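Residue-level listing of the chains:
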Amino acid sequence: MPEPNVVSWTSLMAGYVVAGQAGLALGMYVKMLETSVKPNDFTVSTVVKACSILAELEAGKKIHAHAEVMGYGTDLVVCSSLVCMYGYCNDVNGARSVFDSMDHRNIVTWTSMIAAYAQNGRGSEALEVFRLFNSMVRVRANDFMLASVISACSSLGKLVAGRASHGAVIRGGHEVNDVVTSTLVDMYGKSGCFDYSWKIFKRIPNPSVVEYTSIIVGASKYGLGKLSIELFEEMVERGVNPNDVTFVGVLHGCSHSGLVDEGLGFLNSMLEKHGVEPEAKHYTCVVDMYCRVGRLDEAHKLAKSIHVENPAEGALLWGTLLSASRLHGRVDIAQEASRRLIESNQQVAGAYVTLSNACASTGEWEIAHGLRSQMKQAGVVKDPGCSWVEIRDSTFVFHAGDLSFERGEDVLRLLRELEGRMKERGYAGGSLGLVFFEVEQEAKEEIVSLHSERLALAFALIVIPKGITIRVMKNLRMCKDCHEAFKAISGIVERDFIVRDVNRFHHFRDGSCSCGDFW
DNA sequence: TTAGGGTTAG
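Residues numbered from 1 in each chain as written. Chains lettered and ligands numbered in written order. Predicted model: local features only at pLDDT ≥ 70, side-chain atom pairs only at ≥ 80, totals over all residues. Heavy atoms only, no water.

J.: Go over the protein's contact with DNA strand B with me, naming the residues and quoting the values.
T.: Taken together, 57 residues form the shell around DNA strand B, and within it Ser182, Lys190, Lys281, Leu316 and Gln347 come nearest. Near-protein atoms of DNA strand B (within 4 Å) split between backbone and bases, with sugar and phosphate holding 45%. The side chain of serine 148 places a nitrogen or oxygen atom 3.5 Å from a sugar or linking oxygen of DNA strand B. Asparagine 177 is positioned with one of its side-chain polar atoms (N or O) 2.9 Å from a base nitrogen of DNA strand B. When residues in the surface near DNA strand B are grouped by element, the largest group, seven residues, is from helix α11 (residues 178-190). Taken together, the residues of the surface near DNA strand B sort by class into 18 nonpolar, 27 polar and 12 charged. (Near = heavy atom within 4 Å. Polar contact = N/O pair within 3.5 Å; in protein donor to acceptor, adjacent residues only side chain to side chain. Helix = DSSP H or I, 4+ residues; strand = E, 2+ residues; numbered from the N terminus. Nonpolar A, V, L, I, M, F, W, Y, C, P; charged D, E, K, R; others polar.)

Shown next as structure tokens:
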């Protein structure tokens, strides 16, 4: 074209974006600025989208500034694209400030804001914006918005809100939308209702890779490793190609069900059979797999050989090994793992605490105390974790060892009783977290170091009236045996409430029982 | 010629 105009330039950039060449779209924008053709609002929205895809925050900010100067700072579409861009680049506050600055918003703007929160692990704020949308806007949420809302519910384990959103999906006729169904499969799986997940999944005529992956991840988290392998095989047979996330899902399943050989088989088949290059996250699953069956040295050897792309990836890898070494009393490996975490400035507080606990568990009290002092001196503070349980509309939060809540005494009494009965039946002591320490040579003092999850569970057992079905996750950091014993003793058959941990779905972590057994 | 959604290991 002898004289491309603004529409020609913008079309070309939009074409690059569609074709997955967002970098080239940005390059074209730079070229365009060298000509006499001025960008318009359409151009700006397009390049902002390119920045979103590339997660290029700095470029995005420059374009944002430029847009303000050119007078597009109040345009609805430009602003919506900016909200989305800041969200994709993990600058949620940036997204919110654009959102707040807008005089007019439409459903796309609202959805972008909700998604920005949901994608950045800020589910409660996502739901808060959704509530605001419902109170301010007379338009009904559509499939795009509901997908983000349901995703926020699953990250929070909010089954009540998730069910309500499912209702909105049905009323709006969005059940056929595959993005929506995959969020539902995921949400029910993460909220303790695998049977619902399964029902929804089974009704999908031709599940996509994401829908298959969601159900595989769900099965894996439930300790149904064999089922997750069967689902994987079924999807391959049906010609659906697994992706990197799918492999994380099956490897996770193998790891949590003690299927080491099967897991290694999957790792080795990834590239050859399925064209998916194994990454650090896949090797991390395998490290976890070795750890759960007590093969710490192999896990350690593998961890050392893995190339990590960034500190966060390394933190996941070494954090896995660190907690397993603590559980197995391998102070040597724990020391190396925590050193690596601290040096890379990742989860520093957690690394100190876990190493200190590892030393304490092998009786090296002086080192354990020394590490705590070091933390104090360095001003490193560990945020206490918590668990919570939703009963009807209320949420009850619990912290480890803290009994200062209503009916705290009753909870302690119940746990003592259950613990006593488990011991009578020959299960290892400490399985409910009541630990006895030698204090001052002779006196034995009971120190309550109850896990927050168990407080939440016991509280629910007391508060939920008899006659209501109680369902318990295969969880609570118990091995299979202790879990079965606990279920039998406490008379729990099924569950109707869920105990949540702040570290997302901690309680699914079977295989790491405090009795020390692995399976 | 423009903006929005899903699955991921400790």
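Now that the structure is up, let's keep going.
J.: Give me the lowdown on the side chain of serine 81, citing residues and values where you can.
T.: Turning to its location among the elements, serine 81 is positioned in helix α5 (residues 76-88). Overall, the relative accessible area of 13% leaves serine 81 in the buried class. For serine 81, the residues in contact, after removing those within four places along its chain, are Ser45, Val48 and Ser52. (Buried < 20%, exposed > 50% of the residue type's maximum accessible area, 1.4 Å probe, protein only. Contact = heavy atoms within 4.5 Å.)

J.: Outline the UniProt feature "transmembrane region" (unreviewed entry) in chain A, listing residues and values.
T.: Residues annotated in UniProt with the feature "transmembrane region" (unreviewed entry) correspond here to residues 6-30. A distance of 13 Å separates the end C-alpha atoms of residues 6-30, which is 88% helix and 0% strand. (UniProt positions renumbered as here; feature names shortened; annotations may be inferred.)

J.: Summarise the packing of helix α15 (residues 244-256) against helix α16 (residues 260-274); cite the residues concerned and give the values.
T.: Their axes nearest at 9 Å, the elements α15 and α16 cross at an angle of 160°. The orientation of α15 with respect to α16, classified from their angle, is roughly antiparallel. Of the two possible hands of crossing, α15 and α16 adopt the one that is right-handed. Residues Phe247, Leu251 and Cys254 of α15 touch α16, and the partners they reach there are Glu262, Gly263, Phe266, Leu267, Met270 and His274. Counted by class, the contact of α15 with α16 contains six nonpolar, two polar and one charged residues. (Axes fitted to C-alpha atoms, helices over the stretch in contact; angles between N-to-C directions. Parallel < 35°, antiparallel > 145°, perpendicular 65-115°, else oblique. Left-handed = near helix turned anticlockwise from the far one by under 90°.)

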